[in-house]
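Working through the structure, step by step
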Amino acid sequence: MENLVYAIILLPLLGFLINGLFGKNLPKMVVGTLATLVVFVSFCITVSLFLKFDAESQPVIVRAFEWFRISGIQINFGFQIDQLSLMMMMIITGIGSLIHLYSIGYMSHDKGFYKFFTYLNLFIFSMLLLVMGSNYLILFIGWEGVGLCSYLLIGFWYTNKEYGAAARKAFIMNRIGDLGMIIGIFMIASQTNAVDFLSVAENSSKFALDSPIIIFITGSLFIGAMGKSAQIPLFTWLPDAMAGPTPVSALIHAATMVTAGIYLVVRSNFLFSLAPTTMDGILFIGLLTALVAAFIGLRQNDIKKVLAYSTVSQLGFMFVAVGIGAYTTAMFHLMTHAFFKALLFLGSGSVIHAMSDEQDMRLMGGLKKKIPITHITFLIGTLAISGFPFLSGMISKDEILTNAYGKNPIIWVILFAIAAMTAIYMFRAYYLTFHGEFRGTAEQEKHLHESPKTMTIPLIILAGLSVVGGFINLPHFIGHGNYSKLAHWLESIYVYDVELPEVAFGTEMILLGLTVLMFFVVWFIVKNIYVTKKKMALPDEKYSGWERLSNKKLFLDELYNATFVRFIEGLGVGGNMFDKGILNKFSDFIGIGAEDSGRAAKRLQNGNVENYVLIMSLAIGIILIVNFILQ
Amino acid sequence: MEGNSFIQVVPLEYFIILCSVLFCLGVLGVLVRKNAIIILGCVELMLNSVNLLLAAFSSYKGDGNGQILVFFIMVVAAAEVAVGLAIIAMMYRNTKSVDISIFNKLRG
């Protein structure tokens, strides 16, 4: 068991080391195969561990070594394998290996091929560390590791200045969150005298419900989650992160890393359950993020930007679920979202690949016939996220909606509207890309081709998962909860019972009917607009009113620039002035003073021995006189 | 105090005053004269005024150690004078002068 756990985490590290050190001189085939293989073997081992586990199994702690000891707290470097971490590991290594496979095809023309796979393996390693760590500090190492990989991969094509800026933006925004996170960890350590999850969970009972200290701790941790999972106000980095290669967007910025915030909250459920105030805050932030991002997504014309805002919006959904206290629902949506959003991103990558690196949907169109596999799989992804009955996205999203209704019908109404917006922008993206006339250049049309097998196979597998992924957690009313496998599976990781408000069967059916009805209505309307009426997306400057707001991302970047960036710049200018005007002057003064006093003192040394003797005897005389007087 | 020498006929204050005057003369000489040989002589004068005082104190205290120390000092002074005169001789050879006011090469 122990060796298997080590193998899971060390294999990607091994791949990283080999590719990083020797990859430059290895053939591309070897680099790609090796990187994919280590992750895939990790996945196989994870599955074997998974098969040994059942819902009642106790968490397994693998202690590698004592890391350090400080003021009575012993901190071990160890791993915790339980139902939650196994679920995350399956998602990471499973989707990770598919995306590695895809990248072999996608990156085949790139000069930085070996570098790309090195970073990807390092990412998988860090992400595994994040979800496998047995205490908050190891989680934090992984947390920073994935942040680093995200930075490296967003700025992968670093010769483009904008991409480099996007990478820095992601890095800096994440640092803001990480500050909150590390404060939270320190508070946990000082309050409970432990940082490993099991002991903190045990000691958490000493906190009074909703006491200021627990609100502070959970609030700090949530700020960390906000940065990593792109919630308002720290979300603007994620859309910019689309500068990275598309497989990166799929793996890091949709399926795994950005969900680390959800993982953190669910992992710390023993703290968050004690702080209803923080939970309400999370609910509010999640709701606001989902709404704002969905609104912005309505009029984006870059295919990856649509998906990016959709990701932010779906993360908002997950946080709404977390905020209600429906941790399992959040994890469920996390998983289905990983399937269909990875699928959509990889599909968009396949489109971009076919279109010779064109990302603007206004210059695509009519790709249905040219790239049939991509088309079908992208359509499945679109249907899954928009809520086609019985596809994975519909089942998990419906669970969130039902729980929200139980909490407060107003939340349900807002989420319902967001779900409708989701369907609108996804179908808009789908129809603009695949239907109508081809609008690109003749040159691009000549090059149109279906992607190689390494790219289409992951698409097909992910499409399959997007279809059936929902069935692991069917709603409670089907078979009296016998098919709510995931809920049962995750039960044992929750330290405190969470009371979810019950929703009557009849009401639940009506809500379900409404969402399905909404889906088909939206589908019909969007199809009518973009296919039957052949309406086209406008050039950016033609938008007005709300469309302009949406297209310009609510001017949030401009707002941040005008406030925070300007403020920091002001600080910088002020600091520069203080440095040059005062500090520099002061240090100059010391130098000049020494020089001047030296120049003055050098007159004393005029080379006349009599002078020296005179001064000497005068001094002795003075000393004698003073001495005499003092006596 | 028995067996005191005649030296004790002279009160100690006289010795102190004499030595102070000699010493001040020496200092004055070093300060105002330009001739290196005279300066050297003045230095010797200061040295010997102190020697005299040492011998006087020694005698008054009835302790011979002080007077023995004086002999040592005289030996050292002799060596010092030998070195000092050699330096002055070299100065003279180089500049045809023993005026110390022209030896100010070390001014800052």
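Since the structure is predicted, the reported quantities are computational estimates derived from the model, not experimental observations.

1. Looking at the overall build of chain B
Summing up its helical and strand segments, chain B has three helices and zero strands in all. Secondary structure of chain B in N-to-C order comes out as α-α-α. Its C-alpha atoms give chain B a radius of gyration of 18 Å, more than 25% over the compact-globule value 13 Å for 108 residues. Taken along its principal axes, the extent of the C-alpha atoms in chain B is 60 × 25 × 25 Å. Residues counted as buried form 10% of the 108 residues belonging to chain B.

2. Structural notes on the overall build of chain A
Tallying secondary structure elements over chain A gives 25 helices and two strands in all. With respect to the three principal axes, the spread of C-alpha positions in chain A is 110 × 65 × 55 Å. For chain A, the proportion of its 631 residues judged to be buried stands at 49%. Summarising the internal contacts of chain A: among those between residues at least 6 apart in sequence, 81% fall at separations of at least 24.

3. Brief notes about the interface of chain B and chain A
Residue-level contacts link ten residues of chain B with ten residues of chain A. When the residues that make up the side of chain B that touches chain A are grouped by side-chain class, the tally is five nonpolar, three polar and two charged.

4. As for the nonpolar core
Of all hydrophobic cores here, the largest spans 195 residues; its most connected members are Leu128(A), Val320(A), Val322(A), Ala330(A) and Ala342(A). Once you skip the residues sitting within four places of it in the chain, Ala330(A) turns out to touch Ile262(A), Val266(A), Met318(A), Ala321(A) and Val322(A). The next biggest cluster of nonpolar side chains, apart from the first, holds five residues, and it includes Val30(B), Ala36(B), Ile39(B) and Cys42(B).

5. Here's the deal with helix 16 (residues 372-386) of chain A
All names here are of chain A. Between its first and last C-alpha, helix 16 extends 21 Å over 15 residues, near the 21 Å set by a 1.5 Å rise per residue. Buried within helix 16 are the following residues: Thr374, His375, Thr377, Phe378, Ile380, Gly381, Thr382, Leu383, Ala384, Ile385 and Ser386. Looking at the buried residues of helix 16, the elements they touch are helix 14 (303-324), helix 15 (327-354), helix 17 (392-407), helix 18 (409-434), helix 20 (453-468) and helix 22 (505-532). A positive backbone phi angle near 110° is found at glycine 387, which sits one or two residues after helix 16.

6. So, the pairing of strand 1 (residues 60-70) of chain A
All names here are of chain A. In this structure, strand 1 lies alongside strand 2 (residues 73-81), joined through nine bridges in antiparallel fashion. Within strand 2, the position partnered with arginine 63 by the bridge is glycine 78. What sits between the antiparallel neighbours strand 1 and strand 2 is a turn of two residues, in which serine 71 has the positive phi angle 35°.

7. Quick word on the environment of Asn551(A)
All names here are of chain A. Inspection of the secondary structure assignment puts asparagine 551 in helix 23 (residues 545-551). What makes asparagine 551 buried here is the crowd of 20 C-beta atoms within 10 Å. Residues asparagine 551 and glutamate 541, spaced ten residues apart in sequence, show a C-alpha to C-alpha distance of 9.4 Å. Excluding anything up to four places from it in sequence, asparagine 551 contacts Arg299, Gln300, Asp540 and Tyr543.

8. Thoughts on the domain arrangement of chain A
When the parts of a complex come together, some accessible area is lost, and that lost area is often used as the size of the interface. Structurally, chain A comprises domain 1 (275-546) and domain 2 (560-630). The centre of domain 1 of chain A, based on its C-alpha atoms, is set 70 Å off from the matching centre of domain 2 of chain A.

9. Examining the UniProt feature "transmembrane region" (unreviewed entry) in chain B
Residue and element names in this part refer to chain B. In the numbering used here, UniProt assigns the feature "transmembrane region" (unreviewed entry) to residues 12-32, 37-57 and 69-92. Secondary structure content for residues 12-32 is 100% helix and 0% strand, while the C-alpha to C-alpha distance between its ends is 30 Å. Strand forms 0% of residues 69-92 and helix 100%; the C-alpha atoms that close the span are 34 Å apart.

10. Some points on the confidence of the model for chain B
Overall, the prediction assigns chain B a mean pLDDT of 86, with 92% of residues at 70 or greater. For this predicted complex, the interface confidence reaches an ipTM of 0.73, while the overall pTM sits at 0.78.

11. Topic: unusual backbone geometry
All names here are of chain A. Here the bond from isoleucine 232 into proline 233 is cis, since omega is 5°, no more than 30 degrees from zero. Relative to the helices and strands, proline 233 is located in the loop between helix 8 (212-228) and helix 9 (237-240). Within the chain, aspartate 210 stands out as a residue other than glycine whose phi angle is a positive 60°. Among the secondary structure elements, aspartate 210 is positioned in the loop between helix 7 (197-203) and helix 8. On the basis of neighbour counts, which here come to 13 C-beta atoms within 10 Å, the residue aspartate 210 falls in the partly exposed class. In this model, alanine 230 sits at a positive phi of 55°, which is unusual for a non-glycine residue. Along the chain, alanine 230 falls in the loop between helix 8 and helix 9. On the basis of neighbour count, alanine 230 is assigned to the buried category, with 30 C-beta atoms found within 10 Å.

12. Details of the packing of helix 10 (residues 246-255) of chain A against helix 15 of chain A
All names here are of chain A. Where helix 10 contacts helix 15, the two axes come as close as 8 Å, and the packing angle between them is 160°. On the basis of their axis angle, the class for helix 10 and helix 15 is roughly antiparallel. Seen along the crossing, helix 10 lies across helix 15 with a hand that is right-handed. Residues Thr246, Pro247, Ser249, Ala250, Ala254 and Ala255 of helix 10 pack against Ala338, Lys341, Ala342, Phe345, Leu346, Ser348, Gly349 and Ile352 of helix 15. Here the contact of helix 10 with helix 15 is built from residues that sort into nine nonpolar, four polar and one charged.

13. Thoughts on the packing of helix 8 of chain A against helix 13 (residues 276-297) of chain A
Residues and elements named next belong to chain A. Interaxial distance between helix 8 and helix 13 falls to 9 Å at its minimum, and their mutual angle equals 25°. It follows from the interaxial angle that helix 8 and helix 13 lie roughly parallel. Seen along the crossing, helix 8 lies across helix 13 with a hand that is right-handed. For the pair formed by helix 8 and helix 13, the contact residues are Ile215, Thr218, Gly219, Phe222 and Met226 on the first element and Thr277, Thr278, Ile282 and Ile285 on the second.

14. Quick notes on the environment of Pro12(A)
Residue and element names in this part refer to chain A. Take proline 12: it is sitting in helix 1 (residues 2-22). Spatially, the C-alpha atoms of proline 12 and alanine 35 are 7.5 Å apart, while their sequence positions differ by 23 residues. The contacts of proline 12, once residues within four sequence positions are left out, are Val38, Val39, Ser42, Asn121, Ile124, Phe125 and Leu128.

What counts, and at which threshold
- Residues numbered from 1 in each chain as written.
- Chains lettered and ligands numbered in written order.
- Predicted model: local features only at pLDDT ≥ 70, side-chain atom pairs only at ≥ 80, totals over all residues.
- Helix = DSSP H or I, 4+ residues; strand = E, 2+ residues; numbered from the N terminus.
- Rg over C-alpha atoms; globule rule 2.2 N^0.38 Å.
- Buried ≥ 20, exposed ≤ 12 C-beta atoms within 10 Å, placed from the backbone.
- Contact = placed C-beta atoms within 7 Å.
- Nonpolar A, V, L, I, M, F, W, Y, C, P; charged D, E, K, R; others polar.
- Core = buried A, V, L, I, M, F, W, Y, C linked by C-beta atoms within 7 Å.
- Expected span 1.5 Å × (residues − 1).
- Pairing = 2+ DSSP bridges.
- Domains from an automatic or database assignment.
- UniProt positions renumbered as here; feature names shortened; annotations may be inferred.
- pLDDT = per-residue confidence, 0-100.
- Axes fitted to C-alpha atoms, helices over the stretch in contact; angles between N-to-C directions.
- Parallel < 35°, antiparallel > 145°, perpendicular 65-115°, else oblique.
- Left-handed = near helix turned anticlockwise from the far one by under 90°.

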